[in-house]
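Architecture and fold: a report
One letter stands for each residue in the lines below.
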Amino acid sequence: MVAVACKSAPGLGTSASGCGVEAYLGFDETLAWVTGTNQSQQFGKACTIGLQQMLLSNATVDQAADAMRNEFDQIVRDFKYGPGKTDPNAQLAFLWASWDKAHICLKGNPSAKL
């Protein structure tokens, strides 16, 4: 099960694991991001890249979580050192990307696939 939803891990993730779902990938806290910049679409990509990898590349849940973490790391680099560094919300953007990355939650079998 993959959930792109704020704070879904404590409730949905735990319940799903108890009902026979092999693995859950989602977030255990509120997601935060910036909008209105050329780089802002990166947040949506970071939140969904794991599901894309699982569907298109037969990735495991653990590989999907790693892909998400890597995308959030890229956002940090872009807003801290790259094209987003001149954005008025650059500091918030890289802090929020770090926050979102820290709250990716995997429950169950990390080797599970769709």
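Attention here is on the structure that accompanies the text. Quick caveat: nothing in here was measured; it's all calculated off a predicted structure. (Residues numbered from 1 in each chain as written. Predicted model: local features only at pLDDT ≥ 70, side-chain atom pairs only at ≥ 80, totals over all residues. Heavy atoms only, no water.)

With respect to the packing of helix α2 (residues 41-57) against helix α3 (residues 61-80)
Axis separation between α2 and α3 bottoms out at 8 Å; the angle between their running directions is 160 degrees. For the element pair α2 / α3, the angle class is roughly antiparallel. Here α2 runs over α3; the crossing is right-handed. Along its contact with α2, which presents Gln42, Phe43, Lys45, Ala46, Cys47, Ile49, Gly50, Gln53 and Met54, the element α3 presents Val61, Ala64, Ala67, Met68, Glu71, Phe72, Gln74, Ile75, Asp78 and Phe79. Residues belonging to the contact of α2 with α3 are distributed by class as follows: 12 nonpolar, four polar and three charged. (Axes fitted to C-alpha atoms, helices over the stretch in contact; angles between N-to-C directions. Helix = DSSP H or I, 4+ residues; strand = E, 2+ residues; numbered from the N terminus. Parallel < 35°, antiparallel > 145°, perpendicular 65-115°, else oblique. Left-handed = near helix turned anticlockwise from the far one by under 90°. Contact = heavy atoms within 4.5 Å. Nonpolar A, V, L, I, M, F, W, Y, C, P; charged D, E, K, R; others polar.)

Quick notes on unusual backbone geometry
Within the chain, Lys7 stands out as a residue other than glycine whose phi angle is a positive 55 degrees. Positionally, Lys7 belongs in the segment before α1 (8-18). Judged by relative accessible area, Lys7 falls into the partly exposed class, the value being 49%. The phi angle at Asn58 is positive, at roughly 60 degrees, despite the residue not being glycine. Assignment of secondary structure puts Asn58 in the loop between α2 and α3. (Buried < 20%, exposed > 50% of the residue type's maximum accessible area, 1.4 Å probe, protein only.)

Quick look at the nonpolar core
Judged by nonpolar contacts, the single largest core of 26 residues is most densely connected at Leu25, Phe27, Phe43, Phe72, Ile75, Phe79 and Ile104. Elements with a minimum of two residues in this core: β1 (23-27), α2, α3 and α4 (90-102). Ranked by the residues each element gives to this core, the list is headed by α3, at nine residues. (Core = buried A, V, L, I, M, F, W, Y, C linked by side-chain atoms within 4.5 Å.)

Overview of the pattern of salt bridges
If you walk through the whole model with that rule in mind, you get three salt bridges. Two residues, Lys45 and Glu71, come together in a salt bridge whose shortest N-O distance is 3.9 Å. Note that Lys45 is positioned in helix α2 and Glu71 in helix α3, a separation of 26 residues in sequence. You can call Lys45 partly exposed: its relative accessible area is 43%. (Salt bridge = Lys/Arg side-chain N within 4 Å of Asp/Glu carboxyl O.)

Quick look at the state of the cysteines
Applying the stated criterion to the full structure yields zero disulfides. With no disulfide of its own, Cys6 lies closest to Cys47 among cysteine sulfurs, the gap being 8.3 Å. The exposure class assigned to Cys6 is partly exposed, which follows from its relative accessible area of 40%. Of all cysteine sulfurs, the one in Cys6 lies closest to Cys105, which takes part in no disulfide; the gap is 14 Å. (Disulfide = S-S within 2.5 Å.)

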